[in-house]
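# Close look at the chain arrangement
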Amino acid sequence: MGKQIAWTDQAKSDVRGIERQAALQILKTLARYAISGRGDVKQLKGVEPPLFRLRAQDHRVFFRDDSDHLEILRVLDRKEAYR
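Residues numbered from 1 in each chain as written. Predicted model: local features only at pLDDT ≥ 70, side-chain atom pairs only at ≥ 80, totals over all residues. Heavy atoms only, no water.

## Quick word on the sheet that holds strand β1 (residues 4–7)
- Read across the sheet, 5 strands follow the order β1-β5-β4-β3-β2 without closing on themselves; strand pairing throughout is mixed. Edge strands, defined here as strands with exactly one partner in the open sheet, are β1 and β2 (41–43). Looking at each pair of strands side by side, their axes are set apart by 35 degrees on average, direction ignored.
- Contacting β1 and β5 (69–77), helix α1 (residues 9–16) crosses the sheet at an angle of about 45 degrees to β5. (Pairing = 2+ DSSP bridges. Helix = DSSP H or I, 4+ residues; strand = E, 2+ residues; numbered from the N terminus. Axes fitted to C-alpha atoms, helices over the stretch in contact; angles between N-to-C directions. Contact = heavy atoms within 4.5 Å.)

## Concerning the nonpolar core
- The biggest cluster of nonpolar side chains holds 17 residues, and the ones touching the most others in it are Val61, Phe63, Leu70, Ile72 and Val75.
- Secondary structure elements with two or more residues in this core: α1, α2 (20–36), β3 (52–56), β4 (59–65) and β5.
- Among the elements that line this core, the one with the most residues is α2, at 6 residues.
- Not counting chain neighbours up to four residues away, the residues in contact with valine 75 comprise Trp7, Ala11, Asp14, Val15, Ile18, Ile26, Arg60 and Val61. (Core = buried A, V, L, I, M, F, W, Y, C linked by side-chain atoms within 4.5 Å. Buried < 20%, exposed > 50% of the residue type's maximum accessible area, 1.4 Å probe, protein only.)

## Things to note about the pairing of β5
- In the sheet, β1 pairs with β5 via 4 bridges, with the strands oriented parallel. Considered in β5, the bridge of tryptophan 7 is made with isoleucine 72.
- Direction of pairing for β4 relative to β5: antiparallel, over a ladder of 7 bridges. Considered in β5, the bridge of aspartate 65 is made with leucine 70.

## What about the pattern of salt bridges?
- In this structure the tally under the stated criterion is 5 salt bridges.
- Among the ionic pairs, arginine 53 bridges to aspartate 40, the shortest N-O distance being 3.6 Å. Remark: aspartate 40 occurs in the loop between α2 and β2 and arginine 53 occurs in strand β3; sequence separation between them is 13 residues.
- Arginine 53 sits in the buried class, given a relative accessible area of 5%.
- Connected through shared salt-bridge partners, Asp40, Arg53 and Arg55 make up one network. (Salt bridge = Lys/Arg side-chain N within 4 Å of Asp/Glu carboxyl O.)

Structure below.
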């Protein structure tokens, strides 16, 4: 059984602004991670509470990983993600 996914309003808005095909791929990548824990994930350094980054093609999904759910905070193009 995978983890539940909770979206912030900002993250929902971010996904709505992405081209449909790319958004669907991001959702598939996120679902795979929530179910299996597989994906290109990295914990960001110097951030408390811990914040993680998942690569999904040209986008980055920023989230917090609690024991039973993922809280999706932002979904950004990689060019904008680290500014």
